[in-house]
Amino acid sequence: MPQPAMLRDVTRDEAFQEVCRYCDVQRRLATVPPSAKMRGAFFRSIERVLGNAGLGERFETMFPTRPTSVLWYPMSEFLVQLTVGAAMLTGAARVHEGMSEIGRRNAVAVSETLFGRALLRLLSHDPRKVLLQGAAVRRQCNNVGTWDLTFPDDHSALMIMKEEYLYMESYLLGAAYGTFETIGVPVKIECTLDDPYNGRHVLVW
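Worth saying up front: this structure is predicted, and the values here are computed from it rather than measured.

**Focus: the packing of helix α3 (residues 40–52) against helix α5 (residues 75–90)**
With their axes 10 Å apart at the nearest point, α3 and α5 run at an angle of 10 degrees to one another. In terms of axis orientation, α3 runs roughly parallel to α5. Contacts between α3 and α5 involve Phe42, Phe43, Ile46, Val49 and Leu50 on the former and, on the latter, Glu77, Phe78, Gln81, Leu82, Gly85, Met88 and Leu89. Across the contact of α3 with α5, the residue classes break down as nine nonpolar, two polar and one charged.

**Structural notes on the confidence of the model for the protein chain**
For residues with low pLDDT, the predicted coordinates do not support detailed interpretation. For the protein chain, the average pLDDT comes to 89, and 87% of its residues sit at 70 or higher. Between residues 1–6, whose pLDDT stays under 50, and residues either more than four places distant or in other chains, the model counts 15 contacts.

**Considering the sheet that holds strand β6 (residues 198–204)**
Here we have four strands laid out as an open sheet, ordered β3-β4-β6-β5, and antiparallel in their pairing. What marks the edges here is a single partner per strand, and that holds for β3 (146–153) and β5 (188–195). Ignoring which end each strand starts from, the neighbouring axes of this sheet average 15 degrees apart. Sheet topology places β3 next to strand β4 (residues 156–162); six bridges connect them, and they run antiparallel.

**Considering the packing of aromatic side chains**
A full pass over the atoms with the stated rule returns seven aromatic pairs. Residues phenylalanine 42 and phenylalanine 78 carry aromatic rings whose centres are separated by 6.3 Å and whose planes lie at 90 degrees to one another, so their mutual orientation is edge-to-face. Of the two residues, phenylalanine 42 is situated in helix α3 and phenylalanine 78 in helix α5; the sequence distance between them amounts to 36 residues. Like phenylalanine 78, phenylalanine 42 is buried. Among the aromatic residues, those joined into a ring-pair cluster are Phe42, Phe43, Tyr73, Phe78 and Tyr171. Stacked on the ring of tyrosine 167, the Lys or Arg arginine 28 has its end atom at 3.7 Å from the ring centre. One cation-aromatic arrangement involves arginine 128 over phenylalanine 151; the distance from NZ or CZ to the ring centre is 4.4 Å.

**Quick notes on the nonpolar core**
Of all hydrophobic cores here, the largest spans 60 residues; its most connected members are Phe78, Val84, Ile102, Tyr171 and Leu203. Broken down by secondary-structure element, the contributors of at least two residues to this core are α1 (12–20), α3, α4 (56–62), α5, α6 (95–111), α8 (127–141), β4 and α9 (171–183). It is α5 that contributes the most residues to this core, ten residues altogether. Ignoring anything within four residues of it in the chain, the contact list for isoleucine 102 reads Ile46, Val49, Leu50, Leu82, Gly85, Ala86, Leu89 and Tyr171.

**Overview of the environment of arginine 44**
Topologically, arginine 44 is positioned in helix α3. For arginine 44, a relative accessible area of 32% corresponds to the partly exposed category. Here the alpha-carbon distance between arginine 44 and asparagine 106, two residues 62 residues apart in the chain, equals 9.7 Å. Those residues within four positions of arginine 44 in sequence are excluded, and the remaining contacts are Pro67 and Ser69.

Cut-offs and rules
- Residues numbered from 1 in each chain as written.
- Predicted model: local features only at pLDDT ≥ 70, side-chain atom pairs only at ≥ 80, totals over all residues.
- Heavy atoms only, no water.
- Axes fitted to C-alpha atoms, helices over the stretch in contact; angles between N-to-C directions.
- Helix = DSSP H or I, 4+ residues; strand = E, 2+ residues; numbered from the N terminus.
- Parallel < 35°, antiparallel > 145°, perpendicular 65-115°, else oblique.
- Contact = heavy atoms within 4.5 Å.
- Nonpolar A, V, L, I, M, F, W, Y, C, P; charged D, E, K, R; others polar.
- pLDDT = per-residue confidence, 0-100.
- Pairing = 2+ DSSP bridges.
- Phe/Tyr/Trp six-rings, centres within 6.5 Å; stacked < 30°, edge-to-face > 60°.
- Buried < 20%, exposed > 50% of the residue type's maximum accessible area, 1.4 Å probe, protein only.
- Lys NZ or Arg CZ within 6 Å of the ring centre and 35° of its normal.
- Core = buried A, V, L, I, M, F, W, Y, C linked by side-chain atoms within 4.5 Å.

Put into structure tokens, the structure is as follows:
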């Protein structure tokens, strides 16, 4: 995928200012608690997606620090890298599409690792088990917000998210679609926001 022209030969700050024209990341950074942190594995997932798209070198120039997967880092830094990385994929005007694609590709990439293949064999491609595992992983990797997962019937799930700062309508929506893609189960997902940081996904398969 070619690099969008608007982000060629620009600095990190210039790229971020362009992104701010098309999403609320600046306001979100002022809202996210200073204590909010995430595991470095999420940062590495952005690097992996950009690298696979042929944009890894440019991204690393903007963000030269390499996080360690198991350590904790500020969520505010992740939001900057996520939005700039998304704009590099699709252009700043389509930054939400880029965030969705990063979420989707990351889920697929994890499934292709040795650990991911072993985990999928263990879960037997059961959507309920996979969603429960995803919620458990989230609790281990984010220290703010909650996900409440219920199953109204055998072919649907309701994920209620509170104090969630990671763009439920794009980044997390893409991750949900990517998760079902890894197990080969078609799914329809509806995202409803009560406000930017509280809402729900309804998944039907």
